[in-house]
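# Commentary on secondary and tertiary structure
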Amino acid sequence: MELKRRALNLTRKEIASLAPKIYALAEKGDKFALELYRSEAREIALLSNGVIDNKEGEKVLICGGFLKNKPLLLKMCEEEMAKISKAKLVYDENFTPSLAALVAVLKENNIEVTDEMFYKFINGKGE
């Protein structure tokens, strides 16, 4: 009962501070922690799949600090996406919502954004 009361009284900040600990448990194979991250991976895949044409070779760029330095989560996201789509998830820590908006504006104005242009936007190297 005491544990339940304490859990219900956690603030958002306190809950968020548990994320690195839960990820570390997942990396060690903890069944509950793995299922939490698998569930998150499914959600990311479903959301990603909802915004694409689901064609072979299609790429869905994902971003966010939540994914940074979490290779296990990224692998899970890729696996979940492969179950429902022909498209591939691509994560680059330099990709931001601002960059997504830039690319969308260019495409909306019939300006083709090549891979070379895109990577130049991301890292300034065009690689």
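Description of the structure in this document.

Rules used in this analysis
Residues numbered from 1 in each chain as written. Predicted model: local features only at pLDDT ≥ 70, side-chain atom pairs only at ≥ 80, totals over all residues. Heavy atoms only, no water. Phe/Tyr/Trp six-rings, centres within 6.5 Å; stacked < 30°, edge-to-face > 60°. Helix = DSSP H or I, 4+ residues; strand = E, 2+ residues; numbered from the N terminus. Buried < 20%, exposed > 50% of the residue type's maximum accessible area, 1.4 Å probe, protein only. Lys NZ or Arg CZ within 6 Å of the ring centre and 35° of its normal. Patch = residues over 30% accessible without salt bridge, like charges linked within 9 Å, V, L, I, M, F, W, Y side chains within 5 Å. Areas by Shrake-Rupley, 256 points an atom, 1.4 Å probe, with all protein chains shown as cover. Salt bridge = Lys/Arg side-chain N within 4 Å of Asp/Glu carboxyl O. Lys, Arg positive; Asp, Glu negative; His and termini not counted. Contact = heavy atoms within 4.5 Å. Axes fitted to C-alpha atoms, helices over the stretch in contact; angles between N-to-C directions. Parallel < 35°, antiparallel > 145°, perpendicular 65-115°, else oblique. Nonpolar A, V, L, I, M, F, W, Y, C, P; charged D, E, K, R; others polar.

### A word on the packing of aromatic side chains
Inspection of every chain in the model, using the stated rule, returns 4 aromatic pairs. Consider the rings of Tyr23 and Tyr37, whose centres lie 5.2 Å apart with planes at 75 degrees: the pair is edge-to-face. Pair noted here: Tyr23 is in helix 3 (residues 19–27) and Tyr37 is in helix 4 (residues 31–49), with a separation of 14 residues, a long-range link. Residue Tyr37 is classed as buried on the basis of its relative accessible area, which comes to 5%. Taking 6.1 Å as the distance between ring centres and 15 degrees as the angle between the ring planes, the aromatic pair formed by Tyr37 and Phe66 counts as stacked. Of this pair, Tyr37 sits in helix 4 while Phe66 sits in the loop between strand 1 (59–62) and helix 5 (71–84), placing them 29 residues apart in sequence. Clustering of aromatic rings is evident, with ring pairs tying together Tyr23, Tyr37 and Phe66. A cation over an aromatic ring shows up here: Lys70 above the ring of Tyr23, its NZ or CZ 5.8 Å from the ring centre.

### A few points about a nonpolar patch on the surface
A cluster of nonpolar residues, Leu10, Ile15 and Leu18, forms a patch on the protein surface that exposes about 230 Å² of accessible area. As for its position among the elements, Ile15 is in helix 2 (residues 12–16). Classification of Ile15 by relative accessible area gives partly exposed; the value is 48%.

### Observations concerning the side chain of Lys70
Relative to the helices and strands, Lys70 resides in the loop between strand 1 and helix 5. For Lys70, which is buried and forms no salt bridge, the nearest opposite charge comes from Glu27, at a distance of 9.3 Å. With residues up to four places along the chain from it excluded, the contact list for Lys70 reads Tyr23, Tyr37 and Gly65.

### Concerning the packing of helix 3 against helix 5
Contact geometry of helix 3 with helix 5 gives a least axis separation of 10 Å together with a crossing angle of 70 degrees. One finds that helix 3 runs roughly perpendicular with respect to helix 5. Within the contact between the two elements, helix 3 uses Tyr23, Ala26 and Glu27 and helix 5 uses Pro71, Leu72 and Leu73. A breakdown of the residues in the contact of helix 3 with helix 5 according to their chemical character gives 5 nonpolar, no polar and 1 charged.

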